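Here's the letter readout for the chains.
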Amino acid sequence: MTYVASHTLAAATAADINLKETVASYMSVALITLRRDMTAGQARAHMLGQLRDDDVPAQIFVTDESGFLHGRLSLKTLLTEKDDARLVSALMLPVDVSVEPGALRRDAAPELQGLALDIVPVVSNGKLVGALYEREIAALLRDEETDDAQRQGASLPLDTPYMDTSPWALWKKRLPWLLLLFAAEAYTSTILQVFEEQLEAVIALAFFIPLLIGTGGNSGTQITSTLVRAMAVGEVGLRNLGAVLRKEVTTSFMIALAIGLVGLLRAWMLGVGHEVAMVVCLTLFAITVWSAIVSSIIPMVLKKMRIDPAVVSAPFIATFIDGTGLVIYFNIAKLVITDLA
């Protein structure tokens, strides 16, 4: 295979949104390869004859006549080999990491994160079709982090830089998710209607609704943001669900104790009575723990279903906890407040 001047895929494919999210849109086809049956002397001459600029790869891939990838050879090893007759196949090392051109960016990013590789081969059916150099790897990881940040805000990723994106394009990206969240939030009014009698009997219960659902949503967002990032870099997966639950539930118990006591103090300061104060304290504790359980399970389940957890995790979990938190609140109130029994 000879050195190819093209640095990216054909421009005709750049408009394909699906292609933009694959390794193929990032890989470079500018490659110098060696055949495994070359001698060290032949390999050096071949490499020097193929150089076209000052970018000299630290690793050179070794293929056969059909383009099948067999290994990699350090440039330092090749240049310092004293025996010109020694075969490349005797000098090469196995390829530790490779990616497929059709692999989605979000699947490839965890494999590349933190590996400090200067070049990664792109392989299709065993054949070398391109490579990701340091700049391509950095671009892929940067774009994936940008997409994750946008998705966590319940918005579709932008196809162009922010300053080049029109208000109309932003409207199309944001409105569907906002409408979906609006519909999900609408059921909280239904829950309030169901417990209308309790609210009328003890009007003080309404004072703490924003506090309670806000605490649950904030707690869930903290966990989700941490967990989605850990999943993105390959630190955790569904196989670690038990360990994640133990860690987060234990942490939430400690947080819930502190928040519950502060909530009890706040309710006492408002003078709403000891029964309402106790309801607020118990509800804060229950919602915080419940939020930890929900926020630990849902992102992993979504990932298993091949749904991007970054899109739905934080906003949707916060919305879900809003509604279920109200159910918890009013049911605890029915158990504690004698007037509602």
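Residues numbered from 1 in each chain as written. Predicted model: local features only at pLDDT ≥ 70, side-chain atom pairs only at ≥ 80, totals over all residues. Heavy atoms only, no water.

The name given to the protein in an unreviewed UniProt entry is Magnesium transporter, with the source organism recorded as Chromobacterium alticapitis. Of the comments in the UniProt record for the protein, the one headed Sequence similarities (unreviewed entry) reads "Belongs to the SLC41A transporter family." In its Subcellular location (unreviewed entry) section, the UniProt record describing the protein reads: "Membrane". (UniProt positions renumbered as here; feature names shortened; annotations may be inferred.)

Caption draft 1: Layout of the overall build of the protein. For the protein, the helix and strand inventory stands at twelve helices and five strands. In the protein, the proportion of contacts linking residues at least 24 apart, taken out of those at least 6 apart, comes to 70%. When the accessible surface of the protein is totalled, it reaches about 17,900 Å², and 62% of it is carbon and sulfur. (Helix = DSSP H or I, 4+ residues; strand = E, 2+ residues; numbered from the N terminus. Contact = heavy atoms within 4.5 Å. Areas by Shrake-Rupley, 256 points an atom, 1.4 Å probe, with all protein chains shown as cover.)

Caption draft 2: Region of interest: the sheet that holds strand S2 (residues 59–63). Ordered by their spatial adjacency, three strands build an open sheet running S1-S2-S3, and the pairing between neighbours is mixed. At either margin of the open sheet sits one strand with a lone partner, and together these are strand S1 (33–35) and strand S3 (69–74). Adjacent strand axes in the sheet meet at a mean angle of 35°, parallel and antiparallel pairs treated alike. With three bridges connecting them, S1 and S2 associate as parallel partners. Its bridge partner lying in S2, Thr33 is registered against Phe61. (Pairing = 2+ DSSP bridges. Axes fitted to C-alpha atoms, helices over the stretch in contact; angles between N-to-C directions.)

Caption draft 3: Looking closely at the packing of helix H9 (residues 209–232) against helix H11 (residues 274–304). The interhelical angle for the contact between H9 and H11, taken along N-to-C directions, is 30°, at an axis separation of 8 Å. Regarding the angle of H9 to H11, the classification is roughly parallel. Here H9 and H11 pass one another in a crossing that is right-handed. Here H9 contributes Leu212, Thr215, Gly216, Ser219, Gly220, Ile223, Thr224, Leu227, Val228 and Met231 to the contact with H11, which in turn contributes Val280, Thr283, Leu284, Ile287, Thr288, Ser291, Ala292, Ser295, Ser296, Pro299, Met300 and Lys303. Counted by class, the contact of H9 with H11 contains eleven nonpolar, ten polar and one charged residues. (Parallel < 35°, antiparallel > 145°, perpendicular 65-115°, else oblique. Left-handed = near helix turned anticlockwise from the far one by under 90°. Nonpolar A, V, L, I, M, F, W, Y, C, P; charged D, E, K, R; others polar.)

Caption draft 4: Examining the UniProt feature "transmembrane region" (unreviewed entry) in the protein more closely. In this structure's numbering, the residues bearing the UniProt feature "transmembrane region" (unreviewed entry) are residues 175–195, 201–221, 249–270, 276–298 and 310–332. Strand forms 0% of residues 249–270 and helix 100%; the C-alpha atoms that close the span are 30 Å apart. Regarding residues 276–298, the helix share stands at 100% and the strand share at 0%, and the terminal C-alpha atoms are separated by 32 Å.

Caption draft 5: Highlighting the pairing of S3. Counting buried residues along S3, five of its six residues qualify, which places the element largely inside the surrounding structure. One ladder, built from five bridges, connects S2 with S3; its direction is antiparallel. Looking across to S3, one finds that Ile60 is bridged to Leu73. Counting the residues between successive antiparallel strands, the hairpin from S2 to S3 contains five residues, one of them, Gly67, with a positive phi of roughly 90°. (Buried < 20%, exposed > 50% of the residue type's maximum accessible area, 1.4 Å probe, protein only.)

Caption draft 6: Geometry of the packing of aromatic side chains. Inspection of the entire model under this criterion finds three aromatic pairs. With a centroid separation of 6.3 Å and an interplanar angle of 40°, the aromatic rings of Trp290 and Phe320 are classed as tilted. Here Trp290, found in helix H11, pairs with Phe320, found in helix H12 (residues 309–336); they are 30 residues apart in sequence, far enough to count as distant. In this structure Phe320 comes out as partly exposed when scored by relative accessible area, which is 35%. With a centroid separation of 5.3 Å and 40° between ring planes, the pair formed by Tyr329 and Phe330 is classed as tilted. Judged on exposure class, the residue Tyr329 and its partner Phe330 are both buried. (Phe/Tyr/Trp six-rings, centres within 6.5 Å; stacked < 30°, edge-to-face > 60°.)

Caption draft 7: Geometry of a nonpolar patch on the surface. A surface patch of nonpolar side chains, amounting to about 320 Å² of accessible area, comprises Leu238, Val301, Met305 and Ile307. If you trace the backbone, Val301 turns up in helix H11. (Patch = residues over 30% accessible without salt bridge, like charges linked within 9 Å, V, L, I, M, F, W, Y side chains within 5 Å. Salt bridge = Lys/Arg side-chain N within 4 Å of Asp/Glu carboxyl O.)

Caption draft 8: Molecular detail of H9. Between its terminal C-alpha atoms H9 stretches 34 Å, which fits the 34 Å expected from 24 residues at 1.5 Å a residue. Looking one or two residues beyond H9, the residue adopting positive phi is Gly234, at roughly 80°. (Expected span 1.5 Å × (residues − 1).)

Caption draft 9: Structural detail: the nonpolar core. Among the nonpolar cores identified, the biggest contains 27 residues, and Leu205, Phe208, Val276, Tyr329 and Phe330 are the most heavily contacted of them. Taken together, the elements giving at least two residues each to this core come down to H9, H11 and H12. Of the residues forming this core, the biggest block, eight residues, is contributed by H12. Beyond its immediate stretch of four places on either side in the chain, Tyr329 contacts Leu205, Phe208, Ile209, Leu212, Val279, Val280 and Thr283. Counting residues in each nonpolar core, the second largest holds 14 residues, with Val23, Tyr26, Ala139 and Leu140 among its members. (Core = buried A, V, L, I, M, F, W, Y, C linked by side-chain atoms within 4.5 Å.)

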